[in-house]
Amino acid sequence: MMDFSLTKEQQELISSVKNMASKEITPFALQAGETEKKKMLKSLARMNLLCPTVPKEFGGLGLGLVSSALVVEELAAASPGLAAIVAATLHAAEPIILAGNDQQKNEFLPLLTGREAGAAAFALTEPEGGSDLNIISTYATAEQTGYLLNGCKDYVINAGIARFITVVAATDMLNKKASLRIFLIPGHAAGLKTEEIYQTSGINLAPVGRVKFVDVGIRDQYVIKSREAGSGYLLLTQTFDVGRALVSALAVGIARAALEHALHFAENRLQSGIPIKKHQAVAFTLADMATKIEMARLMTWKACWLIDQGEDYSVASAMAKLVSSTVAQQVTCAAADILGARGYLQGNLIEQLVRDARVLSTIEGTNHIQRLVISSQL
Ligand SMILES: Cc1cc2nc3c(=O)[nH]c(=O)nc-3n(C[C@H](O)[C@H](O)[C@H](O)COP(=O)(O)OP(=O)(O)OC[C@H]3O[C@@H](n4cnc5c(N)ncnc54)[C@H](O)[C@@H]3O)c2cc1C
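What counts, and at which threshold
Residues numbered from 1 in each chain as written. Predicted model: local features only at pLDDT ≥ 70, side-chain atom pairs only at ≥ 80, totals over all residues. Buried ≥ 20, exposed ≤ 12 C-beta atoms within 10 Å, placed from the backbone. Helix = DSSP H or I, 4+ residues; strand = E, 2+ residues; numbered from the N terminus. Contact = placed C-beta atoms within 7 Å. Axes fitted to C-alpha atoms, helices over the stretch in contact; angles between N-to-C directions. Parallel < 35°, antiparallel > 145°, perpendicular 65-115°, else oblique. Left-handed = near helix turned anticlockwise from the far one by under 90°. Nonpolar A, V, L, I, M, F, W, Y, C, P; charged D, E, K, R; others polar. Expected span 1.5 Å × (residues − 1). Arc of directions from axis to C-beta. Near = placed C-beta within 6 Å. Domains from an automatic or database assignment. Core = buried A, V, L, I, M, F, W, Y, C linked by C-beta atoms within 7 Å. Pairing = 2+ DSSP bridges.

**As for helix H10 (residues 349-358)**
The element H10 is extensively covered by neighbouring structure, given that 7 of its 10 residues are classed as buried. Turning to H10, its buried residues number three or more, namely Leu349, Ile350, Gln352, Leu353, Val354, Asp356 and Ala357. Lining the buried residues of H10 we find helix H5 (80-99), helix H7 (231-268) and helix H9 (314-338).

Right, dumping it as structure tokens:
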């Protein structure tokens, strides 16, 4: 049996996020500076949307992945950078929700909920590389009652603003992949430093930076699944699969915003005495854009639905992310063509969306890596 309809609660959720975004995000998104960003984060906190998967008993909305993807799509259609802040926070919280103990849930999850909510960060990539887990050099030395963390993580979304950072580190340098553990580092931990915030091409509202750990002391209770052998790698792949489904939703939101803008332009721009939408070449381009978005959205929903059902979702998430990120890049470029010269001007929405979409084939594992995941399971 199949059902593609949204529940009444999901329809109300979409409509409330859309309503808030149309008043408090979209009008400011293109020119937003630090003040506007703070206001937007406050709007998200007011609606408890910074990390909607946090269970209700820890102050969250307790949403499943399908509902969270709906939220991320709406936010991305309004501001891709803001949606990236939320997607990174969801990724950082996922290992705690999936495998954290009560103490970890009680201490860290409420930081992401309610009116005072903040963001969190997930840190895996290092300056030497992101695709190859065998070259991780961030190292946690086991001590009697915990660990001492040293190393450097790069391109971390929410660096500098994160209430906590979920860090992946090796605990045995001779056997890195098998010894990976996931550590929870409070944002104010001694020895944790944000070294640099980068100027990125897109998703500009999201701070992306390099963080360094120098002898950061971690108590045993801040290690997810503690010292259980092999637990870190499995948990890492599970959370990546969730992160990919959310990036897929982000891609759908960006593509949708580009289609809506291009459609409005095509209905109002006259050439040869008629709206350009009436020229078949433009109409067919719009049709292709809408069709690709539908494909990407359905694949996103399927991956999220499998996650919510507790079924095997690894391939579905990788496929959704691969398709949606490609669609977002194709659709934003097609929208730029429809806008003609305007689509190439800085400050134009479509020019920004092209740059926002560009990063989607890199984050949460590059699309080459998604193909590795998919082909390894064929
Ligand atoms: C804006 C932005 C935000 C980011 N946010 C985060 C974050 O919050 N947390 C975090 O941990 N990381 C983050 N990243 C890092 C991102 O996940 C990595 O950039 C990505 O995993 C690729 O790593 P790399 O850049 O080191 O490229 P590399 O791993 O060096 O890869 C370079 C190229 O080689 C290809 N390649 C590598 N290995 C293989 C292989 N085995 N088979 C086929 N092709 C291969 C890659 O696909 C890529 O095309 C972010 C990056 C950006 C740009």
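**Focus: the packing of H7 against helix H8 (residues 280-309)**
Relative orientation of the contacting elements H7 and H8 amounts to 160°, with a least axis distance of 9 Å. Relative to H8, the element H7 lies roughly antiparallel. Of the two possible hands of crossing, H7 and H8 adopt the one that is left-handed. Residues Val242, Ala245, Ser248, Ala249, Ala251, Val252, Ala255, Arg256, Leu259, Ala262, Leu263 and Ala266 of H7 form the contact with H8, whose own contacting residues are Val282, Leu286, Met289, Ala290, Ile293, Ala296, Arg297, Met299, Thr300, Ala303, Cys304 and Ile307. Tallied by class, the residues present in the contact of H7 with H8 amount to 20 nonpolar, 2 polar and 2 charged.

**Section: helix H1 (residues 8-24)**
With 17 residues, H1 extends 24 Å from end C-alpha to end C-alpha; this agrees with the ideal 24 Å at 1.5 Å per step. Every buried residue belonging to H1 is among Leu13, Val17, Met20 and Ala21, and all of these are buried. Here the buried residues of H1 occupy an arc of 100° about the axis, which is enough to place them on one side. Opposite the buried face of H1, by more than 90 degrees, sit the exposed residues Lys8, Gln11, Glu12, Ser15, Asn19, Ser22 and Lys23. The inward-facing, buried residues of H1 contact helix H2 (26-29), helix H3 (34-46) and helix H4 (65-78).

**Focus: the site of the ligand**
Close to the ligand lie 23 residues; Thr125, Gly130, Ser131, Thr366 and His368 are nearest. Mapped by element, the contributors of at least two residues to the shell around the ligand are strand S1 (119-123), strand S3 (146-157) and helix H11 (367-376). A breakdown of the residues in the shell around the ligand according to their chemical character gives 13 nonpolar, 9 polar and 1 charged. Looking at which domains feed residues into the shell around the ligand, each of domain 2 (121-229) and domain 3 (232-376) gives three or more.

**Focus on the domain arrangement of the protein chain**
The domains assigned to the protein chain are domain 1 (8-118), domain 2 (121-229) and domain 3 (232-376). The gap between the C-alpha centroids of domain 1 and domain 3 is 20 Å. Domain 1 puts 22 residues into the contact, and the matching count from domain 3 is 25 residues. Of the residues in the side of domain 1 that touches domain 3, the class split is 16 nonpolar, 3 polar and 3 charged.

**So, the nonpolar core**
Ranked by size, the top nonpolar core spans 129 residues in total, and within it Val72, Val86, Ala121, Phe183, Leu250, Ala251 and Ala255 carry the most contacts. Contacts of Ala251, omitting those with residues within four sequence positions, involve Ala296, Ser324, Ser325, Val327, Ala328, Ala357 and Leu360.

**Section: the pairing of S3**
Bridge count between strand S2 (residues 139-142) and S3: 4 bridges; the pairing is antiparallel. Of the residues in S3, the one forming a bridge with Ala142 is Tyr147. Linking S2 to S3, which pair antiparallel, is a turn of 3 residues. Examined bridge by bridge, S3 and strand S7 (residues 208-219) share 9 bridges and lie antiparallel to one another. In the strand pairing of S7, Gly146 is matched with Arg219.

**Quick word on the packing of H4 against H8**
A pair of packed helices is captured by two measures, namely the crossing angle of their axes and the spacing between those axes. At a minimum axis distance of 7 Å, the contact between H4 and H8 shows a crossing angle of 145°. Only Thr300, Trp301, Cys304, Trp305, Ile307 and Asp308 of H8 make contact with H4, whose side of the interface consists of Leu65, Val66 and Ala69. Its residues assigned to classes, the contact of H4 with H8 shows 7 nonpolar, 1 polar and 1 charged.

**Side note on the environment of Val72**
As for its position among the elements, Val72 is in helix H4. Owing to 30 C-beta atoms within 10 Å, Val72 belongs among the buried residues under this scheme. In this view, Val72 contacts Ala83, Val86, Ala87, Leu246, Ala249, Leu250 and Gly253; residues no more than four positions away in its chain are not counted.

**Digging into the pairing of S1**
One face of the sheet, then the other: side chains in a regular strand alternate in exactly this way. Of all 5 residues that make up S1, 5 are buried, and the element is covered over most of its length. Side-chain alternation along S1 places Ala119, Ala121 and Ala123 on one buried face and Ala120 and Phe122 on a second face that is also buried. For S1 and strand S4 (residues 162-169), the ladder comprises 4 bridges, and the chain directions are parallel. Bridge pairing in S4 places Ala123 opposite Val167.

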